[in-house]
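# Working through the structure, step by step
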Amino acid sequence: MTTLRLRPEGPADEPAVARVLAAAFARPDVATPPEVGLVEELRHSPAWIPELAMVAEYGGEVVAYALLTRVGVRTDDGRVWPALALGPVAVARHRQRLGHGTAAVQAALDAATELGERLVVVLGDPAYYRRFGFGPADRLGLTSPWSGLGEPWRALVLPPSASEEPPPPSGEVVFPPPWSRV
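Residues numbered from 1 in each chain as written. Predicted model: local features only at pLDDT ≥ 70, side-chain atom pairs only at ≥ 80, totals over all residues. Heavy atoms only, no water.

### Digging into the pairing of strand 5 (residues 119-123)
Just so we agree on the cut-off: Only protein chains enter the accessibility calculation, which uses a 1.4 Å probe; a residue whose area is less than 20% of its type maximum is buried, one above 50% is exposed, and one in between is partly exposed. Labels follow the DSSP assignment, with helices taken as runs of H or I lasting at least four residues and strands as runs of E lasting at least two, numbered in each case from the N terminus. Strands were regarded as paired on the criterion that DSSP finds at least two bridges between them. Crossovers are marked right-handed if the path from the first strand over the helix to the second runs clockwise, as seen with the strands pointing away from the viewer.
For strand 5, the buried fraction is high: 4 of the 5 residues fall into the buried class. The sheet contact formed by strand 4 (residues 80-91) and strand 5 spans 2 bridges and is parallel. Its bridge partner being in strand 5, Leu 84 is matched across the sheet by Val 120. Chirality of the crossover, the property in question, places the unit of strand 4, helix 3 (residues 100-114) and strand 5 among those that are right-handed. The pairing of strand 5 with strand 8 (residues 153-157) spans 5 bridges and is classified as antiparallel.

### What to know about the layout of surface pockets
Any empty space left between atoms is shown by rolling a water-sized probe over those atoms. Rules: Cavities and pockets were defined on a 1 Å grid built over protein atoms only: a cavity is a set of grid points that admits a 1.4 Å probe from which the probe cannot escape, a pocket is an open set flanked by protein on both sides within 12 Å along at least five of seven lines, and lining residues are those with an atom within 4 Å of any such point. Grid points are joined across faces, edges and corners, and a volume is the space filled by probe spheres set on the points. For this classification, the nonpolar set comprises Ala, Val, Leu, Ile, Met, Phe, Trp, Tyr, Cys and Pro, the charged set comprises Asp, Glu, Lys and Arg, and every other residue, Gly included, is treated as polar.
Here the largest pocket defines a volume of roughly 850 Å³. Taken together, 33 residues line the largest pocket, and the ones lying closest to its centre are Phe 25, Val 89, Ala 90, Tyr 128 and Tyr 129. Among the elements of the structure, helix 2 (34-43), strand 4, helix 3, strand 5 and helix 4 (126-130) are those that each provide at least two residues to the lining of the largest pocket. Classifying every residue of the lining of the largest pocket gives 20 nonpolar, 7 polar and 6 charged. Reported here for the second largest pocket is a volume of approximately 230 Å³.

### Digging into the side chain of Ser 144
Our working rule: Two residues qualify as a contact provided that any one of their heavy atoms is within 4.5 Å of a heavy atom in the partner residue.
Looking at the element boundaries, Ser 144 is found in the loop between strand 7 (142-143) and strand 8. Classification of Ser 144 by relative accessible area gives buried; the value is 13%. Aside from chain neighbours lying at most four places away, what touches Ser 144 is Trp 153, Val 173 and Phe 175.

### As for the nonpolar core
As a reminder of what qualifies: By nonpolar core is meant a set of buried Ala, Val, Leu, Ile, Met, Phe, Trp, Tyr and Cys residues that side-chain atoms within 4.5 Å join together.
Ranked by size, the top nonpolar core spans 57 residues in total, and within it Tyr 65, Leu 68, Leu 86, Val 121, Phe 134 and Leu 142 carry the most contacts. For this core, the element with the most residues is strand 3 (residues 61-74), which contributes 9 residues.

### A look at the packing of aromatic side chains
Where we set the bar: Each Phe, Tyr or Trp ring (for Trp, its six-membered ring) is paired with any other whose centre lies within 6.5 Å, and the angle between the two planes then decides the class: stacked below 30 degrees, edge-to-face above 60, tilted in between. Comment: the charge-over-ring label is applied if NZ (Lys) or CZ (Arg) is within 6 Å of the ring centre and within 35 degrees of the ring normal.
In total, this model carries 8 aromatic pairs according to the counting rule given. Centre to centre, the rings of Tyr 128 and Tyr 129 are 4.9 Å apart; their planes meet at 90°, and the pair counts as edge-to-face. What links up through ring pairs into an aromatic cluster is the set Tyr 128, Tyr 129, Phe 132 and Phe 134. The ring centre of Tyr 58 lies 3.9 Å from the NZ or CZ of Arg 95, which sits over that ring.

### Describing the pattern of salt bridges
Note the cut-off: Salt bridges, as used here, are contacts in which a Lys or Arg side-chain nitrogen is within 4 Å of a carboxyl oxygen on Asp or Glu.
Within this structure, the stated rule accounts for 11 salt bridges. A salt bridge links Arg 43 to Glu 9; the shortest N-O distance between them is 2.7 Å. Here the residue Arg 43 occupies a position in helix 2, and Glu 9 occupies one in the loop between strand 1 (4-8) and helix 1 (14-24), the gap between them amounting to 34 residues. Taking relative accessible area as the criterion, Glu 9 reaches 12% and is therefore assigned buried. Between Arg 43 and Glu 14 there is a salt bridge, with the nearest N and O atoms lying 3.9 Å from each other. Here Arg 43, found in helix 2, pairs with Glu 14, found in helix 1; they are 29 residues apart in sequence, far enough to count as distant. A relative accessible area of 12% means that Arg 43 is categorised as buried. Salt bridges here are not isolated pairs; linked through shared partners, they connect Arg 5, Arg 7, Asp 13 and Glu 57.

### Remarks on helix 3
The condition that has to hold: To estimate the expected span of a helix, subtract one from its residue number and multiply by 1.5 Å.
The terminal C-alpha atoms of helix 3 lie 21 Å apart, and with 15 residues this matches the ideal 21 Å at 1.5 Å per residue to within 8%. Of all the residues in helix 3, the buried ones are His 100, Gly 101, Ala 103, Ala 104, Val 105, Ala 107, Ala 108, Leu 109, Ala 111 and Ala 112. Gly 116 sits one or two residues past helix 3 and shows a positive phi near 85°.

### A short note on helix 2
Given 3.6 residues per turn, any residue in an α-helix points the same way as the ones three and four places further on. This is how it is decided: For this quantity, the arc is that covered by the directions from the helix axis to the C-beta atoms.
Along helix 2, the positions that sit buried rather than exposed are Glu 35, Val 36, Leu 38, Val 39, Leu 42 and Arg 43. In a view along the axis of helix 2, the buried residues occupy a sector of 160°, so they form one face of it. Summarising the contacts, the buried residues of helix 2 are in contact with helix 1, strand 3 and strand 4.

These figures come from the coordinates and say nothing about function on their own.
As structure tokens, this is what we get:
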């Protein structure tokens, strides 16, 4: 019986990840979807956290991908608090609707929780991301270049590593430069 294996991406996975992203985000107007370049740029930026680039492997093939990278929340007093952005998330077309994407996202979120991370933001389908606990980011006082899109701008507060830990701050979510090219 073949089982789904979840693990952090390794260097040998980069071509397979690019193929999954290219197929999942394919558009007739571009040869290579911008999400492929985004991941490549993020890999070579300070936003990259290797443990949070999660692949789902089935039968020896990378079939799903979920990426969490560093962003910051700039508060009114100018301080920047660490947070994470989820995305891109992609599943190979022939393995969609089988739970592989959900498993990859959950594995990435679990790994982030283990690392002591507290806040994750995403721009995506509210119905899909609701299953992980994401709610409207504006309810947490979080803004971004994508705030005006409404419901797709989502946030998730991860469990604290200590019971006395305060909730994450509100403010403007600041994305690293690669995100501005998507």
